[in-house]
Amino acid sequence: MIEQLDDRLRWLSAWTIHNANHLRPSRDGVKVGGHQASCASMSTIMASLYFAGLGPNDRVAVKPHAGPLLHAIHYLLGNQSLDKLKGFRALGGAQSYPSRTKDSIPVDFSTGSVGLGVAVTAFASLVQDYLIAHGQLPADRAGRMIALMGDAELDEGNIYECLIEGYKHNIRNCWWVVDYNRQSLDHTTADRMFRRFDDIFETCGWRVITLKHGKRQKAAFLELGGSALEAWIDGCPNVDFAALTYQGGAAWRTRLLADIGQKNGTPALLARRDDAELARLMTDLGGHCVESLLGAWREAAASDRPALIIAYTIKGKGLPLAGHKDNHAGQMNAPQMAALRTSLGIAEGDEWQPWAGLGDNQVKALQAFVAASPAATLPQDRDFSAVSVPRIAVPDGVEQSTQAAFGRILLEIAKAGGPLSDRIVTTSPDVTVSTNLGPWVNARGLFRRAALEDVFRAAKIPSPQKWRGDDAGQHIELGIAENNLFLMLAAAGLAAPLFGTRLIPVGTVYDPFIARGLDALNYACYQDARFLLVATPSGLTLAPEGGAHQSINPPLIAMGQPGLTMFEPAYADELAALMHWSFNHLQEPDGGSVYLRLTTRNLVQIARDNDDWRAGSIAGGYWLKTPGQGAQAAIVAMGALIREALAAWEELSAEVPGLGLLVVTSPDLLHRGWSAAGAGRWNGDDRLSHIEELLGALPAGARLVSLLDGSPAALSWLGGVRGHRVVPLGVDRFGQTGDLPDLYREYRLDADAIIAAVADALVGRDEPARPTG
Ligand SMILES: Cc1ncc(C[n+]2csc(CCOP(=O)(O)OP(=O)(O)O)c2C)c(N)n1
Ligand SMILES: [Mg+2]
């Protein structure tokens, strides 16, 4: 049965790709693409897993370029429509790579950027254990978090960072199944890695199950001359094996006779098989052998220790592309597709019929088998309820930094107890203390499945950090690898749909090192994981720490990142309002994740005489000093530099009548609102965006001086909103060590620089000379 389903999957995946590339009319001449060889490599693995090996709560990340196989499985199940298959890689059709958010079939984890879809399963198994330990998931609902991966994914560094972290946390119920075809995109892979992966994974506590030979090969090895054949296969370089696979039976025979023809029994062993049978034998590797695969699933299921299953395969198995080193994006031509179709007994015109070419009884038996298989009851996204968010009090303190305020707000949440505090799970890549999460951890403890004593405390050695660890703890301590932070946030941020419990993940990181985990951050957002990212300290304001730690471009990164809303508050009351908003936003159906860019710089807090700032700061900005009638200019400032902006404003306000001071809390929200309002106008919606409203308070000819501790481009676009000329101040060179007065002067961020910029703008000195003539 599974062999027949394997054939169906291989056919349907190839046909889906063929249809999209060669039969569907093309309007633009752009190659559609798709990976027939990568699918054929994995069809037996997927057929045996989905139709036999999966448990009821197992979740699977599917190798990106095997996406068409997943669609084919759901097509056989009746979950995927013919229209979507025909629309593979077209707008609204089946996605190129499995997507949680855009595919209509259930996709447990999105994949696409290789390596990340693998590692996220390790973190998902950690999240599953966290939920079980916290009584939020019954232990008997635990499933395996499974990654079906290409062997080239083993080259990604994030795999090994995650392996180390997984070992530290003693993860379980995680399987990684390697489609070990020894080919990547460009070429065959290095022989020198043979058995190295086993060593690496075993060292990290994994069981390694290797499926090298299929049952045909195993039987042949028992024949006279078979052991010579086995030794030859085991010693054959990857590239030779691939080339011979492509060349086929006659080439295998010539080579084998030349290499082992003198061994006792081997010529007869070869002679008993015609070329086609010999080719079948030589490519009968473990990953194409249903019996071997079923055995592997059973073996892996026998323990909850993580398992690496190395399934040897042929890239393009069963297709004329098999083994060719260039087959990654290779596609069969029409005659080759027709030959494949005929070999499966599928009549022309019946290509999309799920069971074409099979007799009635066979079809009935297959349908019954599929209906009774694990694929018929795959876990769906779970229902979950929202966590109510209580009022968040503003921390006391005439002078405080946003980073300190963040730590105090979390501590108050921890002390207050209640649903929000119970669902928050914090995590940090070795910067828990220096991002001010320490007090929260003191209150809520480290998460450890096995209790961890606080040795320093027991020995009465004074320390502000009192960290016990047990399975009730709520802080997941990570090593320094930032990439793991984002994969952790991705997994915890999917707890609601995957496990039915909304977690509120809060991750802290140094702002410049967001860049270290950027693709994983993008990956988390791409699949709509929900979390709060707190990045601190930030900017040149980190003065003595120097240029390697001073972040410049994160505001631009955030503006370019869908699914993530960035704020950089200046005052503690803004932060409290924004955290309240964020905890709700990351739970809303069409909400998203939030990034708070915070600073260690103390600012004197301001007394508010009304509440307008609150709605404004959540919308991205507000007038701290409303411009007067006929104002000639306004200062626009963000975050830590609000102090310099205020000082400049005080000095200038007498001379520049009506001078305004706009506090921007989110260039990201303002820009998105502006773009959306522009798009809305095409559709007849004339509503103004928040920034259009705000800048509407200024006369047309007024000038803006913008200021942030980061790339000036994050605010310079403001000039495009209503046509006000902008002088953008900010950081566009690497920073250096220094104290704040020196650095702010050097980088033109101090009050004098702002005053000079306003003066220049008013007399037009900032304008380029007009062309003459
Ligand atoms: C991070 C990243 N880099 C590059 C690519 C482009 N890419 C897609 S598949 C692939 C090779 C994959 O080889 P392997 O994982 O062995 O898969 P298979 O042989 O099964 O196709 C590459 C380089 C990608 N998708 N993601
Ligand atoms: Mg490969």
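Provided above is the structure to which this section pertains.
I will try to describe carefully the structure that is included in this document. These numbers come from a predicted model, not from an experiment.

With that settled, consider the overall build of the protein chain. Within the protein chain one finds 33 helices and 20 strands. Over its C-alpha trace the protein chain gives a radius of gyration of 31 Å, about what one expects of a compact globule, namely 28 Å for 773 residues. Projected onto the principal axes, the alpha-carbon positions of the protein chain cover approximately 100 × 80 × 45 Å. Across the protein chain, the fraction of contacts at a sequence separation of at least 24, relative to all contacts at a separation of at least 6, is 77%. For the protein chain, the exposed surface amounts to about 30200 Å²; the carbon and sulfur share of it is 52%.

Right, let's get into the sheet that holds strand β4 (residues 207-211). Paired through backbone hydrogen bonds, the strands of a sheet run either parallel or antiparallel to each other. Sheet architecture is open: five strands sit in the order β1-β2-β3-β5-β4, paired in parallel fashion. At either end of the open sheet lies a strand with only one pairing partner, and these are β1 (59-62) and β4. Each neighbouring strand pair of the sheet contributes to a mean axis angle of 15°, computed without reference to strand direction. Of the pairings in the sheet, the one linking β4 to strand β5 (residues 307-312) comprises five bridges and is parallel in character. By the bridge assignment, Arg207 is partnered in β5 with Ala307. Along the sheet face, helix α7 (residues 196-203) touches β3 (174-180), β4 and β5 and points at about 155° away from the line of β4.

In the vicinity of ligand 1 lie 18 residues, with Ser38, Lys63, Asp151, Gln183 and Lys315 positioned nearest. In this structure, an oxygen atom belonging to ligand 1 sits 2.9 Å away from a main-chain N or O atom of Ala152. One nitrogen or oxygen atom from the main chain of Gln183 is found 2.8 Å from an oxygen atom belonging to ligand 1. Burial of ligand 1 by the protein amounts to 75% of the accessible area it has alone, namely 590 Å². For the shell around ligand 1, the residue count by class is three nonpolar, nine polar and six charged.

Let us now look at the nonpolar core. The nonpolar side chains of a soluble globular protein tend to be buried with one another. If you look at the biggest cluster of nonpolar residues, it comprises 110 residues, and the most contacted ones within it are Trp176, Phe201 and Leu533. Counting residues per element, this core draws most heavily on helix α5 (residues 116-133), which supplies twelve residues. Ranked by size, the runner-up nonpolar core spans 65 residues in total, among them Ile17, Val107, Ala307 and Met332.

A few words now on empty space enclosed by the protein. Per the counting criterion, the structure on display carries four cavities of 30 Å³ or more. Put simply, the largest cavity is a space of about 90 Å³. Forming the boundary of the largest cavity are Tyr50, Val60, Val62, Leu70, His74, Pro98, Pro106, Val107, Asp108, Phe109, Leu378 and Pro379. Taken together, the elements giving at least two residues each to the lining of the largest cavity come down to β1 and α3 (67-77). Across the lining of the largest cavity, the residue classes break down as ten nonpolar, one polar and one charged. Residue lining of the second largest cavity: Asn181, Arg182, Gln183, Asn238, Phe241, Ala242, Thr245, Thr313, Ile314, Lys315 and Gly323, and that is the complete set. In the lining of the second largest cavity, the residues fall into three nonpolar, six polar and two charged.

Ordered in space as β16-β18-β17-β19-β20, the five strands form an open sheet in which the pairing is mixed. Both edges of this open sheet fall to β16 (621-625) and β20 (725-729), since each of them pairs with a single strand only. Neighbour-to-neighbour, the strand axes of this sheet turn through a mean angle of 25°, independent of strand direction. Strand contacts of helix α27 (residues 642-652): β16, β17 (633-638), β18 (660-664) and β19 (703-707), with the helix running at about 160° to β17, the strand carrying the most contacts.

Next up on the list: helix α8 (residues 215-222). For α8, every residue scored as buried is listed here: Gln217, Ala220 and Phe221. When α8 is viewed along its axis, its buried side chains cluster within an angular range of 105° and face the same direction. Against α9 (226-235), α12 (266-271) and α13 (275-282) lie the buried residues of α8.

What follows covers the coordination of the magnesium ion (ligand 2). Within the protein, the atoms that donate to the magnesium ion (ligand 2) are Asp151 (OD), Asn181 (OD1) and Gln183 (O), at distances of 2.0 to 2.1 Å. Of note, the donors binding the magnesium ion (ligand 2) are all from one chain and are spaced D-x29-N-x1-Q. Separated by 32 residues along the polypeptide, Asp151 in the loop between β2 (145-150) and α6 (157-168) and Gln183 in the loop between β3 and α7 bring together distant segments of the chain. For Asp151, a relative accessible area of 6% puts it in the buried group. In this structure Gln183 comes out as buried when scored by relative accessible area, which is 3%.

Turning to α7, a few remarks are in order. Residue pairs spaced three or four apart in an α-helix point in one direction, given the helix's 3.6 residues per turn. Within α7 the residues assigned to the buried category are Phe197, Asp198 and Phe201. Buried residues of α7 fall within an arc of 100° about the axis and therefore sit on the same side. Immediately downstream of α7, the backbone of Gly205 shows phi near 90°, a positive value.

A word on the pattern of salt bridges. Tallied over the entire structure, the rule returns 42 salt bridges. Between Arg144 and Asp58 there is a salt bridge, with the nearest N and O atoms lying 2.8 Å from each other. Within this pair, whereas Arg144 is found in the loop between α5 and β2, its partner Asp58 is found in the loop between α2 (36-53) and β1, the two being separated by 86 residues in sequence. Each member of the pair Arg144 and Asp58 is classed as buried. Lys215 serves as the salt-bridge partner of Glu291, at 3.6 Å between the closest nitrogen and oxygen. Here Glu291 is found in helix α14 (residues 290-301), whereas its partner Lys215 is found in helix α8, with 76 residues between them in sequence.

To continue, consider the state of the cysteines. This structure, assessed with the given rule, holds zero disulfides. Looking at Cys525, it has no disulfide partner, and the nearest cysteine sulfur is the one in Cys162, 19 Å off.

Let's shift gears to a nonpolar patch on the surface. Side chains of Val455, Phe456 and Ile461 sit close together on the surface and give an oily, nonpolar patch of about 300 Å² of accessible area. Along the polypeptide, Ile461 turns up in the loop between α20 (455-458) and β9 (469-470). Residue class for Ile461 comes out partly exposed when judged on its relative accessible area of 42%.

With that out of the way, let us pick up the pairing of β18. Most of β18 sits out of view: five of its five residues are buried. Here β18 shows no split at all, with Gly660, Leu662 and Val664 on one side and Leu661 and Val663 on the other all buried. Where β16 lies against β18, four bridges are found, and the strand directions are antiparallel. Bridge assignment links Lys625 to a residue of β18, and that residue is Leu661.

A few words on the packing of helix α1 (residues 2-23) against helix α15 (residues 334-343). Where α1 meets α15, the axes come as close as 11 Å, and the angle between the chain directions of the two elements is 155°. Here α15 runs roughly antiparallel to α1, going by the angle between their axes. By crossing handedness, the relation of α1 to α15 is classed as left-handed. Contact residues: Trp11, Ala14, Trp15 and His18 in α1; Ala334, Met337, Leu340 and Arg341 in α15.

Cut-offs and rules
- Counting of residues starts from 1 at the beginning of each chain's written sequence and follows it residue by residue.
- Ligands are numbered from 1 and chains lettered from A, in the order in which they are written.
- Only residues with pLDDT of at least 70 are given local features in this predicted model, and only at 80 or more are side-chain atom pairs given and counted; all residues enter the totals for whole chains, interfaces and linings.
- For the side-chain quantities, the full set of heavy atoms in the structure was used; hydrogens and water were omitted.
- In DSSP terms, a helix is any run of H or I states spanning at least four residues, a strand is any run of E spanning at least two, and both are numbered starting from the N terminus.
- We take the radius of gyration over the C-alpha atoms and set the globule estimate at 2.2 Å times the residue count to the 0.38 power.
- A contact between two residues is defined here by any heavy atoms of the two lying within 4.5 Å.
- Computed with a 1.4 Å probe, the accessible areas rest on the Shrake-Rupley method; for each residue, only the protein chains presented here act as cover.
- When DSSP locates at least two bridges between a pair of strands, those strands are taken to pair.
- Helix axes are fitted only over the stretch in contact, all axes being lines through C-alpha atoms; the angle between N-to-C directions runs from 0 to 180 degrees.
- It suffices for a single heavy atom of a residue to lie within 4 Å of a molecule or strand for the residue to be listed as near it.
- We define a polar contact as two N or O atoms separated by no more than 3.5 Å, with the added condition that, inside protein, one atom must be a possible hydrogen donor and the other a possible acceptor, whereas residues neighbouring each other in sequence contribute only through side-chain atom pairs.
- Polar here means any residue other than Ala, Val, Leu, Ile, Met, Phe, Trp, Tyr, Cys and Pro, which are nonpolar, and Asp, Glu, Lys and Arg, which are charged; Gly is therefore polar.
- Buried residues of nine kinds, namely Ala, Val, Leu, Ile, Met, Phe, Trp, Tyr and Cys, make up a nonpolar core once their side-chain atoms join them within 4.5 Å.
- For the exposure calls, accessible area comes from a 1.4 Å probe over protein chains only, and a residue counts as buried if that area is under 20% of its type's maximum, exposed if over 50%, partly exposed in between.
- Grid points spaced at 1 Å over the protein atoms alone were grouped into cavities, where a 1.4 Å probe fits but cannot get out, and pockets, open sets with protein on both sides within 12 Å along at least five of seven lines, with lining residues defined by an atom within 4 Å of a point.
- Grid points are joined across faces, edges and corners, and a volume is the space filled by probe spheres set on the points.
- Relevant arc is that of directions from the helix axis to the C-beta atoms, nothing else.
- The rule for donors is simple: an N, O or S atom within 2.8 Å of the metal counts, and for Na, K and Ca the reach is 3.2 Å. Water is not among the atoms, so a site may look short of donors.
- Only one rule defines a salt bridge in this text: a Lys or Arg side-chain nitrogen within 4 Å of an Asp or Glu carboxyl oxygen.
- By disulfide we mean two sulfur atoms from cysteines, separated by a distance within 2.5 Å.
- Exposure above 30% relative accessible area and the lack of any salt bridge qualify a residue for a patch; like charges then connect within 9 Å, and the nonpolar side chains Val, Leu, Ile, Met, Phe, Trp and Tyr within 5 Å.
- Working rule for angles: under 35 degrees goes down as roughly parallel, over 145 as roughly antiparallel, 65 to 115 as roughly perpendicular, anything else as oblique.
- Helix crossings are classified by the rotation of the near helix relative to the far one: an anticlockwise turn of less than a right angle makes the crossing left-handed, while a clockwise turn makes it right-handed.

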